[in-house]
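Spelled out from the first residue to the last, the chains are:
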Amino acid sequence: MPMTLEGGCRCGAVSFTVDSHTPVPYQRCYCSICRKTAGGGGYAINLGALNETLKVKGKKHIGVYHAVIDRGRTCETSSGERNFCKSCGTALWLYDPNWPELVHPHASAIDTDLPVPPSLVHCLLKDKANWVTPDVGPDDQTFDHYPEESIEDWHKSRGLWVD
């Protein structure tokens, strides 16, 4: 049975529950979108969860942000819907209609005790802020872009998938 995660915003206007097979907060994303919208430490951590199980209270307080992605010569608007509390600004979760079965809650919005990761993955390091010095452990992995291993595969390969 997947782990039920409970979360919400800082002011209490929004709360939610969602079920996750992949609750280990192991992946630190240093891209400019994540660190500027949800990453006070220079990165954000998203979890994987089952969108069909997402139950939300306080929907009227939710805003959605679509980031503009600079591709060098062109810009495009991301299909990713970054949900946040309009009252206090807390980043809550990311939903992308290209993967409708998934939702990615921000670990920082989760109130449930989460498993401690045995190692970390630091991704999009090419975009990190110059003031950030990643705390890379001996078993951690680092990537300038996205790793090929998915959130699901990472959890399964380490015996951390929650059935």
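Residues numbered from 1 in each chain as written. Predicted model: local features only at pLDDT ≥ 70, side-chain atom pairs only at ≥ 80, totals over all residues. Heavy atoms only, no water.

Side note on the overall build of the protein chain
Here is step 1: Summing up its helical and strand segments, the protein chain has two helices and 13 strands in all.
Here is step 2: Taken over C-alpha atoms, the radius of gyration comes to 15 Å for the protein chain, in line with the 15 Å a tight globule of 163 residues would show.
Here is step 3: Projected onto its principal axes, the C-alpha coordinates of the protein chain cover approximately 40 × 40 × 30 Å.
Here is step 4: A burial count over the protein chain gives 44% of its 163 residues as buried.
Here is step 5: Long-range contacts, defined here as pairs at least 24 residues apart, represent 57% of the contacts in the protein chain between residues at least 6 apart.
Here is step 6: Both charge centroids of the protein chain, one from 16 positive and one from 20 negative side chains, sit 9 Å from each other. (Helix = DSSP H or I, 4+ residues; strand = E, 2+ residues; numbered from the N terminus. Rg over C-alpha atoms; globule rule 2.2 N^0.38 Å. Buried < 20%, exposed > 50% of the residue type's maximum accessible area, 1.4 Å probe, protein only. Contact = heavy atoms within 4.5 Å. Lys, Arg positive; Asp, Glu negative; His and termini not counted. Charge placed at Lys NZ, Arg CZ, Asp CG, Glu CD.)

Some points on the pattern of salt bridges
Here is step 1: For the structure shown, the criterion picks out three salt bridges.
Here is step 2: Measuring nitrogen to oxygen at the nearest pair gives 3.0 Å for the salt bridge that ties K126 to D127.
Here is step 3: In this structure K126 comes out as partly exposed when scored by relative accessible area, which is 45%.
Here is step 4: E149 is paired through a salt bridge with R158; the nearest N and O atoms lie 3.4 Å apart.
Here is step 5: Among the residues examined, R158 registers a relative accessible area of 31% and is labelled partly exposed. (Salt bridge = Lys/Arg side-chain N within 4 Å of Asp/Glu carboxyl O.)

Observations concerning the pairing of strand β10 (residues 91-95)
Here is step 1: Summarising burial for β10: five of the five residues are buried, a large majority.
Here is step 2: Strand direction decides the pairing type here: strand β9 (residues 81-85) and β10, joined by four bridges, are antiparallel. Across the sheet, the residue bridging to N83 is W93, located in β10.
Here is step 3: Here β9 folds back onto β10 in antiparallel fashion, the turn holding five residues, of which G89 has a positive phi close to 90°.
Here is step 4: In this sheet, strand β11 (residues 102-105) lies alongside β10 in antiparallel orientation, the contact comprising two bridges. Within β11, the position partnered with W93 by the bridge is P105.
Here is step 5: From the end of β10 to the start of β11, which pair antiparallel, there are six residues. (Pairing = 2+ DSSP bridges.)

A word on the side chain of S78
Here is step 1: Looking at where S78 falls in the secondary structure, it is placed in the loop between β8 (75-77) and β9.
Here is step 2: In this structure S78 comes out as buried when scored by relative accessible area, which is 12%.
Here is step 3: Within the structure, the side chain of S78 is placed 2.9 Å from the backbone nitrogen of G80, a separation counted as a polar contact.
Here is step 4: Setting aside chain neighbours within four positions, we find S78 in contact with H66, A67 and I69. (Polar contact = N/O pair within 3.5 Å; in protein donor to acceptor, adjacent residues only side chain to side chain.)

Describing the side chain of R82
Here is step 1: Topologically, R82 is positioned in strand β9.
Here is step 2: The buried charged residue R82 lacks any salt bridge, with D96 as its nearest oppositely charged partner at 7.1 Å.

Quick look at the sheet that holds strand β4 (residues 49-50)
Sheet strands associate in pairs through backbone hydrogen bonding, adopting either a parallel or an antiparallel arrangement.
Here is step 1: What the five strands build is an open sheet, ordered β4-β11-β10-β9-β6; its pairing is antiparallel. The sheet is open, and its two edges are formed by β4 and β6 (62-65), each paired on a single side.

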